[in-house]
Amino acid sequence: MDFEEKTITEKTSFVKGLAEGLGLGDSAQDKLIKALIDLVDDMAVEIADLQEELDGLYDEIDELEEQVDAVDEDLADVEDFIWDDEEFDEWDDDDEEGDDDYEDCFDITCPSCGEEFSVDEETLIDGSVNCPKCNELLTFDFDEDDESEE
Ligand SMILES: [Zn+2]
């Protein structure tokens, strides 16, 4: 194998082998070479550990991405359900068809005092109601025009 293609760990082993072949002694230069090789050896081990940790993190990121994708798909399903045209039309028709266990209520905001309250369909058809807070007489033009068309 070409030296350039070796991993850091493999290169370190190779360099250590070369150093042993030199038969290093106790001279200052030999000590320096030994110290450098020790240092390179330590760094190679550290880098290998970090690489392993990094690979583990990449695996975790892959898993998280899969989970996010799954949640994303679920949300898309929920959105489809909420905005499904048929479902939407059924909601619009509520005030025409009536519903036994559902009392039609309409939210009103008093233009005089800003109080928010709800009135039932009957009150709405009557065309007027007194604000429960400031007693202002509120009138509404109840017409059948459907404004939900976009
Ligand atoms: Zn009011």
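Check the entry above for the structure.
For the structure given in this document, a descriptive report is provided here.

About the thresholds
- Residues numbered from 1 in each chain as written.
- Predicted model: local features only at pLDDT ≥ 70, side-chain atom pairs only at ≥ 80, totals over all residues.
- Helix = DSSP H or I, 4+ residues; strand = E, 2+ residues; numbered from the N terminus.
- Buried ≥ 20, exposed ≤ 12 C-beta atoms within 10 Å, placed from the backbone.
- Contact = placed C-beta atoms within 7 Å.
- Expected span 1.5 Å × (residues − 1).

1. Looking at the overall build of the protein chain
Here is step 1: The secondary structure content of the protein chain amounts to five helices and four strands.
Here is step 2: Mapped in sequence order, the helices and strands of the protein chain form the string α-α-α-α-β-β-α-β-β.
Here is step 3: A buried classification covers 1% of the 150 residues belonging to the protein chain.
Here is step 4: In the protein chain, the share of contacts with a sequence separation of at least 24, taken over all contacts with a separation of at least 6, comes to 24%.

2. With respect to helix H1 (residues 8-22)
Here is step 1: If you check H1, its first and last C-alpha atoms are 21 Å apart, about what 15 residues at 1.5 Å a residue would give, namely 21 Å.
Here is step 2: Positive phi shows up at glycine 23, right after H1, with a value of about 60 degrees.

3. Thoughts on the environment of leucine 138
Here is step 1: The topology assignment puts leucine 138 in strand E4 (residues 137-139).
Here is step 2: Taking the C-alpha atoms as reference, leucine 138 lies 8.3 Å from glycine 127; in sequence the two are 11 residues apart.
Here is step 3: Here leucine 138 is in contact with Ile108, Cys110, Ser128, Val129 and Cys131, once residues within four sequence places are set aside.

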